[in-house]
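Inside the fold
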Amino acid sequence: MIKTDVLVIGAGPVGIFAVHQLGIIGLKAEVVDNLDKIGGQCIELYPDKPIYDIPGLTECTGKSLTKNLLDQIKNFKTNFHLNERVEEVVKEKDNWKITTNKKKIFLAPNIIVAGGVGAFEPRKFLLKNAEKFENNGIFYSIKDKNLFKNKKVCIFGGGDSALDWAIELSKFAEVTLVHRRHEFRGAEHSGKIARKFEKEGKLKIKTPFQISSIEGQDKVSEITIKDDYGKTEKITTDYVLGFFGLIMKLGPIAEWGLNLEKKHIPVNTENFQTNKEGIFAIGDICTYPGKLKLILSGFHEGALAARACFKLAKPNEKYRFEFTTTSKSIQEKLGIKKSD
Ligand SMILES: Cc1cc2nc3c(=O)[nH]c(=O)nc-3n(C[C@H](O)[C@H](O)[C@H](O)COP(=O)(O)OP(=O)(O)OC[C@H]3O[C@@H](n4cnc5c(N)ncnc54)[C@H](O)[C@@H]3O)c2cc1C
């Protein structure tokens, strides 16, 4: 069991900055995110797109913003628990007991829900036995590409992830890329490389085809694909990878007894507390009159929620407002070394 002052649910830009605001007032946070990387929508949906409305930054990208936000909290040595979805939240005396899908348990007087539009989850194969082989032959993300070395791999999808992985894995695996249309949705440049690799015999491409069955006993051994006219082909394979994009599910957040308004959590704008004492909601997931779904709004919301967390985390201490420019204690917390 992990005890902390605040459990932050969601490692999007707003969750990360909340860790900063908690850290400078001396509160320890742990962060859980369902994704395999930090950055929320900025990293998952638009890592290389320019953003022009982060105060003080003329231009940044989803990727560079995430990097800068992480640099800003590096001295707090925060633990990020990735690939874990918070499933259950129950009250236990003065604390909240939070359990993830991997059965990790946190105990904290405060929770900050920075869950954006909910947990991102991959779109999956709709075949009956696809679930049986999940993580045992069928994957929707790649953690270690070495697994596929010298193996037969079928990749499904026509977007950037499918193209990028087909190109990358074809360097050391026998890859077949299958897509339901002739045209790819991903970057034109990647599509061209894939077709060039096909011509050079480095990659097989099957379009327009869709999966129709998966065969195998303990693991995947063969799949059948079919085109729009019913023509079928069998492919012997060790692995099947599906890259069909992500769906966003509010998921378990709806089960924690929080008031909900059209899949958003109403909050009190004085401190961003929900209808439950000690549970705060900030960023895209919260709603209140005039709410703007912008990163900069989430930063402000996190600053106020962090101060409110102080009361429950340190009931015998009084919170004192200080500026970062002049507070020695904040600068020490941030690890800033002054020469004078
Ligand atoms: C294409 C695009 C362009 C945009 N451009 C701009 C722009 O120019 N300027 C701007 O200000 N905003 C922009 N936005 C909006 C901005 O990205 C969002 O406002 C911002 O990402 C919200 O941050 P967040 O931290 O609240 O949520 P998110 O970034 O959505 O992160 C939430 C995280 O919580 C996780 N999560 C949810 N539920 C759980 C759970 N139960 N357990 C574990 N983890 C969970 C999710 O996996 C996710 O990683 C843009 C959005 C898009 C899609």
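Residues numbered from 1 in each chain as written. Predicted model: local features only at pLDDT ≥ 70, side-chain atom pairs only at ≥ 80, totals over all residues. Heavy atoms only, no water.

Time to look at the sheet that holds strand E9 (residues 105-108). Taken together, four strands build an open sheet; the order of strands is E1-E9-E8-E7 and the sheet is mixed. Looking at strand neighbours, the two that pair on one side only are strand E1 (2-3) and strand E7 (86-92), the edges of this open sheet. Across two bridges, the pairing between E1 and E9 is parallel. Bridge pairing in E9 links lysine 3 to leucine 107. (Pairing = 2+ DSSP bridges. Helix = DSSP H or I, 4+ residues; strand = E, 2+ residues; numbered from the N terminus.)

Attention now goes to the side chain of glutamate 30. Summarising the element assignment, glutamate 30 is placed in strand E3 (residues 29-32). Note on glutamate 30: relative accessible area 4%, which makes it buried. Leave out the neighbours within four places in its chain, and glutamate 30 touches Ile2, Thr4, Val6, Leu7, Val8, Asn79, His81 and Phe106. (Buried < 20%, exposed > 50% of the residue type's maximum accessible area, 1.4 Å probe, protein only. Contact = heavy atoms within 4.5 Å.)

On to the site of the ligand. The local shell around the ligand holds 32 residues, among which Asp33, Gln41, Tyr46, Asp53 and Asp284 are the closest. In this structure, valine 14 approaches the ligand through a main-chain N or O atom, which is 3.1 Å from an oxygen atom. Contact distances for the ligand include 2.8 Å between an oxygen atom and a side-chain N or O atom of glutamine 41. Protein contacts shield 87% of the accessible area of the ligand, which totals 1000 Å² for the unbound molecule. Broken down by secondary-structure element, the contributors of at least two residues to the shell around the ligand are helix H1 (13-24), helix H2 (40-44) and strand E11 (119-122). For the shell around the ligand, the element with the highest residue contribution is H1, accounting for three residues. Partitioning the shell around the ligand into residue classes produces 16 nonpolar, 10 polar and six charged. (Near = heavy atom within 4 Å. Polar contact = N/O pair within 3.5 Å; in protein donor to acceptor, adjacent residues only side chain to side chain. Areas by Shrake-Rupley, 256 points an atom, 1.4 Å probe, with all protein chains shown as cover. Nonpolar A, V, L, I, M, F, W, Y, C, P; charged D, E, K, R; others polar.)

This part covers the sheet that holds strand E15 (residues 204-206). Strand order in the open sheet formed by five strands is E12-E19-E13-E14-E15, and the pairing between neighbours is parallel. With one partner strand each, in any of the chains shown, strand E12 (138-139) and E15 form the two edges of the open sheet. The strands touched by helix H4 (residues 160-169) are strand E13 (152-156), strand E14 (174-178) and strand E19 (239-242); relative to E13, the strand with the most contacts, the crossing angle is about 165 degrees. (Axes fitted to C-alpha atoms, helices over the stretch in contact; angles between N-to-C directions.)

This part takes up the packing of aromatic side chains. If you walk through the whole model with that rule in mind, you get 10 aromatic pairs. Geometrically, the ring pair formed by phenylalanine 139 and phenylalanine 148 is edge-to-face, given 6.2 Å between the ring centres and 85 degrees between the ring planes. The class of phenylalanine 148 is buried, set by a relative accessible area of 2%. Ring geometry for phenylalanine 139 and tyrosine 239: centres 6.1 Å apart, planes at 45 degrees, overall tilted. Here the residue phenylalanine 139 occupies a position in strand E12, and tyrosine 239 occupies one in strand E19, the gap between them amounting to 100 residues. (Phe/Tyr/Trp six-rings, centres within 6.5 Å; stacked < 30°, edge-to-face > 60°.)

Following threonine 207, the chain continues to proline 208 via a peptide bond in cis, the omega torsion being -10 degrees. By secondary structure assignment, the location of proline 208 is in the loop between E15 and strand E16 (210-216). Here lysine 77, not a glycine, exhibits a phi torsion of approximately 45 degrees, which is positive. Within the element layout of this structure, lysine 77 appears in the loop between helix H3 (62-72) and strand E6 (79-81). The residue lysine 93 is not glycine, and still its phi comes out positive at about 50 degrees. You can see lysine 93 is positioned in the loop between E7 and strand E8 (95-100). By relative accessible area, lysine 93 is classed as exposed at 78%.

Now for the side chain of aspartate 33. Within the fold, aspartate 33 resides in the loop between E3 and H2. No salt bridge forms around the buried aspartate 33; measuring N to O, its nearest opposite-charge neighbour lysine 37 is 9.2 Å away. At 2.6 Å, the side chain of aspartate 33 forms a polar contact with the backbone nitrogen of alanine 11. Not counting residues up to four positions away in its chain, the partners in contact with aspartate 33 are Gly10, Ala11, Gly12, His81, Leu82, Asn83 and Glu84. (Lys, Arg positive; Asp, Glu negative; His and termini not counted. Salt bridge = Lys/Arg side-chain N within 4 Å of Asp/Glu carboxyl O.)

Here we come to the nonpolar core. Counting 60 residues, the largest nonpolar core has Leu22, Ile98, Ile112 and Val113 as its most contacted members. The element contributing the most residues to this core is helix H6 (residues 295-313), with eight residues. Those residues in contact with isoleucine 98, other than ones at most four positions away along the chain, are Leu7, Val86, Glu88, Val89, Lys104, Ile105, Phe106, Ala108 and Ile111. Counting 22 residues, the second largest nonpolar core, distinct from the first, contains Ala166, Ile167, Val175 and Phe197. (Core = buried A, V, L, I, M, F, W, Y, C linked by side-chain atoms within 4.5 Å.)

Here the focus is the packing of H1 against H6. In the contact formed by H1 and H6, the axes pass within 8 Å of each other and the chain directions differ by 35 degrees. The crossing of H1 and H6 is right-handed. Of H6, the residues touching H1 (which contributes Pro13, Val14, Phe17, Gln21, Leu22 and Ile24) are Ile295, Gly298, Phe299, Gly302, Ala303, Ala306, Arg307 and Cys309. Among the residues forming the contact of H1 with H6, the class breakdown is 10 nonpolar, three polar and one charged. (Left-handed = near helix turned anticlockwise from the far one by under 90°.)

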